Amino acid sequence: MDDRNTSDHHIFAFDLTEHEARRRTEVLAALGDAWDPVAVMNAESEAHQLLYSDLDADQQATYDRLVAAGVLPPSGQG
């Protein structure tokens with residue numbers, strides 16, 4: 001394929017840097033000043049531990065297979 005402009009094929013270049021910076025600014029503004037990323041990560045870790053605690057033997061075997069396959073993170077890394 002020829003990369004030159006033709007009557008039916010035009011090449012456009014877009015620099016999304018400004019858009020991405022604006023999007024990130026808006027996301028942080030929407031989160032507000034009270035957002036605490038460390039607390040969010042700690043709560044996520046606690047939720048992961050609760051979700052995968054008290055599994056029966058079959059559930060534990062399935063969990064272990066998913067961890068071994070890389071689908072789920074190992075315990076303590078959720």
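Look a little higher up for the structure.
Residues numbered from 1 in each chain as written. Predicted model: local features only at pLDDT ≥ 70, side-chain atom pairs only at ≥ 80, totals over all residues. Heavy atoms only, no water.

### With respect to the packing of aromatic side chains
- Following the criterion strictly, the structure yields two aromatic pairs and no others.
- With 6.5 Å between their ring centres and 20° between their planes, F12 and F14 make a pair best called stacked. Here the two residues F12 and F14 agree in accessibility, since each one is exposed.
- A centroid spacing of 4.8 Å and a plane angle of 40° characterise the contact between Y52 and Y63, whose relative ring orientation is tilted. A residue pair is termed long-range when its members are at least 10 positions apart, and Y52 in the loop between α2 (37-51) and α3 (57-68) and Y63 in helix α3 qualify at eleven residues. (Phe/Tyr/Trp six-rings, centres within 6.5 Å; stacked < 30°, edge-to-face > 60°. Buried < 20%, exposed > 50% of the residue type's maximum accessible area, 1.4 Å probe, protein only. Helix = DSSP H or I, 4+ residues; strand = E, 2+ residues; numbered from the N terminus.)

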